[in-house]
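Fold and geometry: a report
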2 protein chains.
Amino acid sequence: MAKAGPGAKANAPRGKRATSYDVARLAAVSQSAVSRAFTPDAYISPSMRKKVLAAARQLGYQPNAIARGLTTSRSRVVALFMPNIGNPIYPFVLQTFSHRLRSHGRQILLLPLVENANEALACMLQYQIDGLVITAASPLALSKAIARKCLAAGIPVVLFNRYFADLKVASVNCDNARGGALAAEILHGAGHQRFAFIGGPEETSTHIDRYRGFADRLRAFGAAAPLIETGPYTYDGGHGAGMRLFARRDRPDAIFCANDVLAIGALDAARVGHGLQVPRDVSIIGFDGAPMAAWAGNDLTTIALRLVAMVESTVEVLLRAIDGQRAGSEPIRIPGDLVIRKSARMPGGSLPAAST
Amino acid sequence: MAKAGPGAKANAPRGKRATSYDVARLAAVSQSAVSRAFTPDAYISPSMRKKVLAAARQLGYQPNAIARGLTTSRSRVVALFMPNIGNPIYPFVLQTFSHRLRSHGRQILLLPLVENANEALACMLQYQIDGLVITAASPLALSKAIARKCLAAGIPVVLFNRYFADLKVASVNCDNARGGALAAEILHGAGHQRFAFIGGPEETSTHIDRYRGFADRLRAFGAAAPLIETGPYTYDGGHGAGMRLFARRDRPDAIFCANDVLAIGALDAARVGHGLQVPRDVSIIGFDGAPMAAWAGNDLTTIALRLVAMVESTVEVLLRAIDGQRAGSEPIRIPGDLVIRKSARMPGGSLPAAST
């Protein structure tokens with residue numbers, strides 16, 4: 001890990017870290033006042049505390065927890081990049097990162113949606129951020145540019161629920177291809193014949209791998225290739241795709257959607273938009289395990305991410321990298337779990353009671 | 001604002017802020033290397049950059065943007081407290097805070113769910129956070145304790161979508177009582193007679209004011225007092241409350257819910273759980289303007305918060321307080337907007353086409 005020049009710490013008077021006495025002298029207060037200013041329960045007036053904090057900042061003095069970080073040049077702050085949190089799994093992802101990082105004494109700085117990668121790197125450097133998690137809830141090209149800049153600057157980066165085919169960055173993902181294959185097995189096994197896939201932006205790794213797993217397995221079964229519709233990873237994207245698919249003369253009787261909000265949009269296009277019964281007329285399977293997949297009005301069969309395990313793995317990889325261990329760039333893949341509800345017929349089973 | 005002791009800055013050698021030359025000496029590199037280490041586009045090896053960052057941290061040296069903050073003892077970081085983001089308006093709230101604060105050159109540190117207020121204050125002090133926004137997406141008692149600690153420490157606090165009846169803290173809210181009254185006007189005007197209110201935790205200001213506005217207006221109309229059911233502010237809370245209400249012999253024909261996820265739970269309890277038609281058998285109105293209120297399967301009439309205006313107002317109040325202006329503690333109230341969809345009959349109007 002980073003080390004200052006040999007012997008530098010002990011000798012150079014300029015290099016000596018400011019003490020509470022230095023702060024007291026500069027602020028023209030007692031050392032005890034400095035100590036109280038940094039103690040949550042201690043009595044000190046707001047104006048006195050402000051005076052102490054101003055002097056402390058001027059001297060680069062930092063107490064306690066931060067001081068521990070100082071000796072290893074770490075701020076103990078990790079940045080998280082997730083500017084597009086339209087996908088409803090991300091609030092839970094954020095909470096889980098917050099809990100896990102806190103248990104390791106880390107805080108989260110939220111990296112805002114920036115103009116370009118330079119702006120992001122400047123922020124990372126100015127706040128001396130220890131490491132960065134880039135989630136799939138972020139623009140792809142910008143994320144890649146930011147990852148490249150940070151790695152070149154020696155700042156560890158881990159991708160969450162995304163990987164780059166053409167840039168070596170550590171990443172933690174769901175086993176998306178396996179999830180897609182599972183959806184194909186269920187829908188084909190249930191006796192469906194006209195398959196469709198509703199996907200997200202075509203360049204994202206979630207879209208690519210979920211489609212590939214689904215289409216490859218269908219091909220292995222000798223089934224016809226699925227129809228494809230794509231859109232943004234939103235309810236409206238899924239609703240629009242569903243409306244187009246159900247208006248076709250050869251409308252599909254089985255749809256696999258690349259995430260749950262797409263699937264809920266497709267469900268509503270079927271039921272409300274086209275008066276179809278689910279799953280009598282069409283089976284629909286989603287991906288993610290979003291909370292609203294469980295709502296009685298949706299009752300969506302889905303492949304749920306193991307979000308807690310994915311977050312824990314991401315934090316582990318990141319902290320190891322911050323500790324100076326080299327992170328492998330081969331994507332880590334954690335399987336998803338099939339959650340059976342009533343939006344899809346099951347192989348060999350009877351028709352589940354219609355939920356509408 | 002905070003000032004160090006008179007004359008302190010210019011004189012004391014110990015108090016002198018470290019320069020890039022000091023950092024270069026300690027790290028045993030050239031000054032140009034120090035400069036390059038803090039410049040996003042500059043060429044520098046990762047190991048060299050690490051060496052420079054370690055020395056910079058040891059000396060408390062900070063370049064550029066942070067240096068500007070130093071002269072006023074500000075980190076230009078604002079903390080946001082929203083550990084319970086089950087309410088689906090909060091992802092948008094978080095995004096909007098992030099955009100607005102970035103436009104003012106501020107970053108967001110996400111305050112995690114802590115054990116107690118001391119831990120929160122310690123974090124605020126250690127990272128020298130400029131100010132704190134506490135959102136309604138947080139435990140009430142803990143939030144109040146944190147607000148009290150921060151204010152005593154001279155750290156500005158603004159509440160978002162919440163106020164404390166018994167503690168003077170600046171806050172920005174929806175005009176909840178007016179929203180509740182509006183719901184009463186619509187449901188009473190549409191000819192309903194058996195009213196119910198599904199609320200959240202009874203001690204929250206959103207629950208109290210939305211109920212009060214609703215019940216007071218009904219009383220003014222001479223209507224019977226509404227039935228009340230409460231639960232957590234979640235889909236399951238609303239679903240459970242709805243199931244109980246619809247099982248009553250005197251089941252309500254009009255329900256006002258204190259937020260949209262409660263209302264969607266109640267909608268599903270009516271349609272899926274009890275086979276009722278909405279709004280033929282029962283009208284349901286929500287509150288918030290959550291994205292899924294607009295989904296075709298829900299089609300929920302609601303009173304939408306002006307979230308962008310509320311966030312902008314919160315940021316404005318907070319930045320003024322950081323600038324040393326005293327913030328008033330009288331709650332700022334921004335009206336909500338009625339969004340008419342198909343889950344409730346309207347006064348004088350014909351029955352909207354049933355959405356199920």
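Fair warning: this is a prediction, and the values are worked out from it, not measured in the lab.

Along chain A, the regular secondary structure elements total 12 helices and 12 strands. Within chain A, buried positions represent 59% of all 356 residues. Of the roughly 13500 Å² that chain A leaves accessible, carbon and sulfur atoms contribute 51%.

Attention shifts here to the environment of B:Ile134. Looking at where B:Ile134 falls in the secondary structure, it is placed in strand β3 (residues 131-135). Ignoring any residue separated from it by four or fewer positions in sequence, one finds B:Ile134 in contact with B:Phe81, B:Ser143, B:Ile146, B:Ala147, B:Val157, B:Val158, B:Leu159 and B:Phe160.

Once that is clear, we can look at the packing of helix α10 (residues 235-246) of chain B against helix α11 (residues 260-274) of chain B. Residue and element names in this part refer to chain B. Interaxial distance between α10 and α11 falls to 7 Å at its minimum, and their mutual angle equals 45 degrees. Comparing the axis directions of α10 and α11 gives the class oblique. Crossing of α10 over α11 shows right-handed handedness. Across the interface between the two elements, Tyr 235, Gly 237, Gly 238, His 239, Gly 242, Met 243 and Phe 246 from α10 touch Val 261, Leu 262, Ile 264, Gly 265, Ala 266, Asp 268, Ala 269, Ala 270, Gly 273 and His 274 from α11.

With that settled, consider the sheet that holds strand β6 (residues 195-199) of chain A. Residue and element names in this part refer to chain A. Reading across the sheet, the 6 strands line up as β7-β6-β8-β9-β10-β12 and stay open at both edges, with mixed pairing between neighbours. The open sheet has two edge strands, β7 (227-230) and β12 (337-339), and neither has a second partner. Neighbour-to-neighbour, the strand axes of the sheet open up by a mean angle of 20 degrees, direction not taken into account. Lying over the sheet, helix α8 (residues 176-189) contacts β6, β8 (254-257), β9 (283-288), β10 (301-304) and β12, oriented at roughly 165 degrees with respect to β9.

With that settled, the discussion passes to the environment of A:Ile264. Inspection of the secondary structure puts A:Ile264 in helix α11 (residues 260-274). Considered as a pair, A:Ile264 and A:Thr96 are 168 residues apart in the sequence and their alpha carbons are 24 Å apart. When near neighbours in sequence (up to four residues on either side) are disregarded, A:Ile264 contacts A:Tyr235, A:Met292, A:Ala293, A:Asn298, A:Leu300 and B:Trp295.

Residue and element names in this part refer to chain B. Closest axis-to-axis distance for the helix α6 (residues 117-126)/helix α7 (residues 140-152) pair is 9 Å, and the angle between their directions is 45 degrees. Between α6 and α7, the angle is such that the two are oblique. When you trace α6 past α7, the crossing you get is right-handed. On α7, the residues that touch Ala 117, Asn 118, Ala 120, Leu 121 and Met 124 of α6 are Leu 142, Ala 145, Ile 146, Lys 149 and Cys 150. Across the contact of α6 with α7, the residue classes break down as 8 nonpolar, 1 polar and 1 charged.

All names here are of chain A. Looking at chain A, the domain boundaries give domain 1 (1-73), domain 2 (77-174 + 307-335) and domain 3 (176-306). With 15 residues of domain 2 at the interface, the matching set in domain 3 holds 17 residues. Of the roughly 1400 Å² buried at the junction of domain 2 and domain 3 (both faces included), carbon and sulfur atoms supply 57%. The largest share of the area that domain 2 buries against domain 3 comes from Pro 88, Cys 174 and Pro 335, three residues that together contribute 37% of it. Inspection of the region where domain 2 meets domain 3 yields 0 salt bridges. Of all the secondary structure elements, the ones that give two or more residues to the side of domain 2 that touches domain 3 are α12 (307-322) and β11 (332-334). For the side of domain 2 that touches domain 3, the leading source of residues is α12, giving 4 residues.

Attention shifts here to the pairing of β8(A). Residues and elements named next belong to chain A. In β8, alternate side chains face the same way, and those of Ala 254 and Phe 256 on one face and Ile 255 and Cys 257 on the other are all buried. Here 3 bridges tie β8 to β9, and the two strands are oriented parallel to one another. By the bridge assignment, Ile 255 is partnered in β9 with Ile 284. What joins β8 to β9 is α11, and the crossover it makes is right-handed.

Of all hydrophobic cores here, the largest spans 143 residues; its most connected members are A:Phe97 and B:Phe97. Core analysis: the next-biggest nonpolar cluster, separate from the first, contains 90 residues, A:Val52, B:Ala33, B:Leu53 and B:Ala147 among them.

To continue, consider the sheet that holds strand β12 (residues 337-339) of chain B. Residues and elements named next belong to chain B. Pairing in this open sheet of 6 strands is mixed, and the strands run β7-β6-β8-β9-β10-β12 from one edge to the other. Each having just a single partner strand, β7 (227-230) and β12 make up the two edges of the open sheet. Along the sheet, successive strands turn relative to each other by an average axial angle of 20 degrees, direction set aside. Set on the sheet, helix α9 (residues 205-220) makes contact with β6 (195-199), β7, β8 (254-257) and β9 (283-288); between it and β6 the angle comes to about 170 degrees.

On to the side chain of B:Asp288. Along the polypeptide, B:Asp288 turns up in strand β9. Ignoring any residue separated from it by four or fewer positions in sequence, one finds B:Asp288 in contact with B:Asn87, B:Ile89, B:Arg210, B:Asn259, B:Asp260, B:Thr302, B:Ile303, B:Ala304 and B:Leu305.

Turning our attention to the environment of A:Leu110. Here A:Leu110 shows up in strand β2 (residues 107-111). When the C-alpha positions of A:Leu110 and A:Gln325 are compared, they lie 25 Å apart, and in sequence the two are 215 residues distant. Setting aside chain neighbours within four positions, we find A:Leu110 in contact with A:Leu80, A:Leu94, B:Leu94, B:Gln107 and B:Ile108.

What counts, and where the lines are drawn
Residues numbered from 1 in each chain as written. Chains lettered and ligands numbered in written order. Predicted model: local features only at pLDDT ≥ 70, side-chain atom pairs only at ≥ 80, totals over all residues. Heavy atoms only, no water. Helix = DSSP H or I, 4+ residues; strand = E, 2+ residues; numbered from the N terminus. Buried < 20%, exposed > 50% of the residue type's maximum accessible area, 1.4 Å probe, protein only. Areas by Shrake-Rupley, 256 points an atom, 1.4 Å probe, with all protein chains shown as cover. Contact = heavy atoms within 4.5 Å. Axes fitted to C-alpha atoms, helices over the stretch in contact; angles between N-to-C directions. Parallel < 35°, antiparallel > 145°, perpendicular 65-115°, else oblique. Left-handed = near helix turned anticlockwise from the far one by under 90°. Pairing = 2+ DSSP bridges. Nonpolar A, V, L, I, M, F, W, Y, C, P; charged D, E, K, R; others polar. Domains from an automatic or database assignment. Buried area = accessible area lost by both parts, 1.4 Å probe. Salt bridge = Lys/Arg side-chain N within 4 Å of Asp/Glu carboxyl O. Right-handed = clockwise from strand over helix to strand, strands pointing away. Core = buried A, V, L, I, M, F, W, Y, C linked by side-chain atoms within 4.5 Å.

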